[in-house]
Amino acid sequence: MNGRVFISHCSADRAIAMDICRRVEGRGVRCWIAPRDVAPGEDYALRIGTEIDKAIGFVVVLSRESNRSRFVKAETEYAFNNGGLPIFPVRVEAIDKNDLDPGLKLFVGSSHIVDAIPAFREAALNRLAQDIARRVARKPRVGGEQAQDLNAAAIAMLGSDGPMFAELWRDMDRRQSPVAWTTEALIGGPLWPLARGMQALGLGATGTLAFLVVMAGLLGGGGAAFLTLIVGWLLAALAFGALGAGWLREHLFERLRTAQSEPSREVRLGTTAGAMLVLALAVLLPGTGGQAEAERGSDISSNGPSPAADGTPTPATKIETSDGTGGRRDTPTSSTDRGREADNQRALLEWQQQLELQRQLEMIQAEEAAADAAAAAAAAAAAPVDSNPPNAYPVKPPAFNE
């Protein structure tokens, strides 16, 4: 249906009827009320019948004066016979239901009567407007009778920023496009939905960005975390800057349909500040972890394996381990102790590997020396022996005395 909420009242209750009209239209639902919406010289009865036929809801103001009004009774009967039209009776004076005109009581008897007597009128009329919005409000369309609902809802729920967004929404509908660039969303990035009351969307965006920043920091350090934050912020700014106005409209009208109130300004500011703190910690925590790792590396470099006097590497730290014979293992009491123990174990393993490599090298060198000695001996054995070398003197036989 493209109609409005019809408000039936007598002239004596016009001020209260206009108050109801303003509250309902403040929820994004247009109303039809006489004499505001009757043109001069127009057929009054015909216009009333036409508006009730097109109405999406019917409000009747009940008072002692309206109880005696033939027009209020006739309008209520016409609405009652318009099958399926929601009727919202509002009692603004302390008049008993049994004191109502029998015909009027018949037409409103099956509907819940809202008590808006002066003692608690403010709360009752607000609840009435919420109930009407929940039952009949829906997203307005440019070109129909509800085209002005955009501006009404924007002003009611966004305050001074309402006209700006109403113009954006009209432009979006005119172009049939979901894109409408919003400067404040471009600046706010992933925090903008939180500032505008879209808590689920904002928390999802900042939570995802914080997770990516932490992972980048753990893998690449503080620089990578900061770069991820900048890139993620720019992407979120582009997304919300282009599509945020449309998402905000859907959010507002969902609130209207379900009669939910918007988060207070304090809640919005609190969640925005909390999200900023989470993003800051996501950048700083990986850097803190990197600094601790650097300190552990410094400890290993200063206490690490060093060669002995004969060139044999020696372990820097003796690690006590349980061998089942009464030995014990020092239990780390903090993450730093656990990291130092792990580093010492790696240092001991490296030392053992170096020692094994040196032993194998010595064996190879010994085998090569033995092979060289055997080759030299074989060569010496294979060479010919000269019995009378050139420089040898002949051995004279011994002289014997005769």
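These figures come from a predicted structure and were not determined experimentally.

Examining a nonpolar patch on the surface
- A cluster of nonpolar residues, Trp181, Leu186, Ile187, Leu227, Val231, Leu235 and Leu238, forms a patch on the protein surface that exposes about 720 Å² of accessible area.
- For the nonpolar patch, the secondary-structure elements that each account for two or more residues are α9 (183-188) and α12 (222-258).
- Structurally, the position occupied by Ile187 is in helix α9.

Digging into the environment of Ile33
- Residue placement: Ile33 occurs in strand β2 (residues 31-33).
- For Ile33, a relative accessible area of 0% gives the class buried.
- Sequence-wise, Ile33 and Ser8 are 25 residues apart; in three dimensions their C-alpha atoms are separated by 7.2 Å.
- Not counting chain neighbours up to four residues away, the residues in contact with Ile33 comprise Ile7, His9, Ala17, Met18 and Cys21.

Regarding helix α1 (residues 14-26)
- Here α1 contains 13 residues, and its C-alpha end-to-end distance of 18 Å stays within 8% of the 18 Å for a straight helix at 1.5 Å per residue.
- Residues Ile16, Ala17, Asp19, Ile20, Cys21, Arg23, Val24 and Glu25 constitute the buried set of α1.
- In the stretch just after α1, Gly28 is the one whose phi turns positive, near 95 degrees.

Looking at the packing of aromatic side chains
- Per the counting criterion, the structure on display carries five aromatic pairs.
- Seen from their ring centres, Phe6 and Trp32 are 5.1 Å apart, and the 15 degrees between their planes marks the pair as stacked. With Phe6 in strand β1 (residues 5-8) and Trp32 in strand β2, the pair connects residues that are 26 residues apart, well separated along the chain.
- Ring geometry for Trp192 and Phe240: centres 6.3 Å apart, planes at 45 degrees, overall tilted. Of the two residues, Trp192 sits in helix α10 (residues 192-195) while Phe240 sits in helix α12, which places them 48 residues apart along the sequence. Residue Trp192 shares its accessibility class with Phe240, and that shared class is buried.
- Aromatic ring contacts, followed pair by pair, group Phe6, Trp32 and Phe58 into a single cluster.
- Over the ring of Phe71 we find Arg70, and its NZ or CZ is 5.7 Å from the ring centre.

Structural notes on the sheet that holds strand β5 (residues 114-115)
- Taken together, five strands build an open sheet; the order of strands is β2-β1-β3-β4-β5 and the sheet is parallel. Lying at the two open borders of the sheet, with one neighbouring strand each, are β2 and β5.
- Direction of pairing for β1 relative to strand β3 (residues 57-62): parallel, over a ladder of four bridges. Bridge pairing in β3 places Ile7 opposite Val59.

Topic: the pattern of salt bridges
- Enumeration over the complete set of coordinates arrives at 13 salt bridges.
- Across the pair Arg47 and Glu42 runs a salt bridge, and its minimum N-O distance is 2.9 Å.
- Judged by its relative accessible area of 18%, Arg47 is buried.
- The partner of Glu51 in a salt bridge is Arg47, with the nearest N and O atoms 2.9 Å apart. Placement of the pair is Glu51 and Arg47 together in helix α2 (residues 44-54), with a separation of four residues, close to one helical turn. When sorted by exposure, Glu51 lands in the same class as Arg47, which is buried.
- Several salt bridges converge on common partners, so that one network encompasses Arg4, Glu42, Arg47 and Glu51.

Here's the deal with the nonpolar core
- Judged by nonpolar contacts, the single largest core of 25 residues is most densely connected at Val5, Ile7, Ile20, Val59, Val90, Leu128 and Ile132.
- Once residues within four sequence positions are removed from consideration, Leu128 is found in contact with Ile20, Phe88, Val90 and Val114.

With respect to the packing of α2 against helix α4 (residues 70-81)
- α4 packs onto α2 with a crossing angle of 35 degrees between their chain directions and a minimal axis gap of 10 Å. Crossing geometry of α2 relative to α4 is assigned as right-handed. On α4, the residues that touch Ile48, Gly49, Ile52 and Asp53 of α2 are Glu75, Tyr78 and Ala79.
- Here the residues of the contact of α2 with α4 sort into four nonpolar, one polar and two charged.

Conventions adopted
Residues numbered from 1 in each chain as written. Predicted model: local features only at pLDDT ≥ 70, side-chain atom pairs only at ≥ 80, totals over all residues. Heavy atoms only, no water. Patch = residues over 30% accessible without salt bridge, like charges linked within 9 Å, V, L, I, M, F, W, Y side chains within 5 Å. Areas by Shrake-Rupley, 256 points an atom, 1.4 Å probe, with all protein chains shown as cover. Salt bridge = Lys/Arg side-chain N within 4 Å of Asp/Glu carboxyl O. Helix = DSSP H or I, 4+ residues; strand = E, 2+ residues; numbered from the N terminus. Buried < 20%, exposed > 50% of the residue type's maximum accessible area, 1.4 Å probe, protein only. Contact = heavy atoms within 4.5 Å. Expected span 1.5 Å × (residues − 1). Phe/Tyr/Trp six-rings, centres within 6.5 Å; stacked < 30°, edge-to-face > 60°. Lys NZ or Arg CZ within 6 Å of the ring centre and 35° of its normal. Pairing = 2+ DSSP bridges. Core = buried A, V, L, I, M, F, W, Y, C linked by side-chain atoms within 4.5 Å. Axes fitted to C-alpha atoms, helices over the stretch in contact; angles between N-to-C directions. Left-handed = near helix turned anticlockwise from the far one by under 90°. Nonpolar A, V, L, I, M, F, W, Y, C, P; charged D, E, K, R; others polar.

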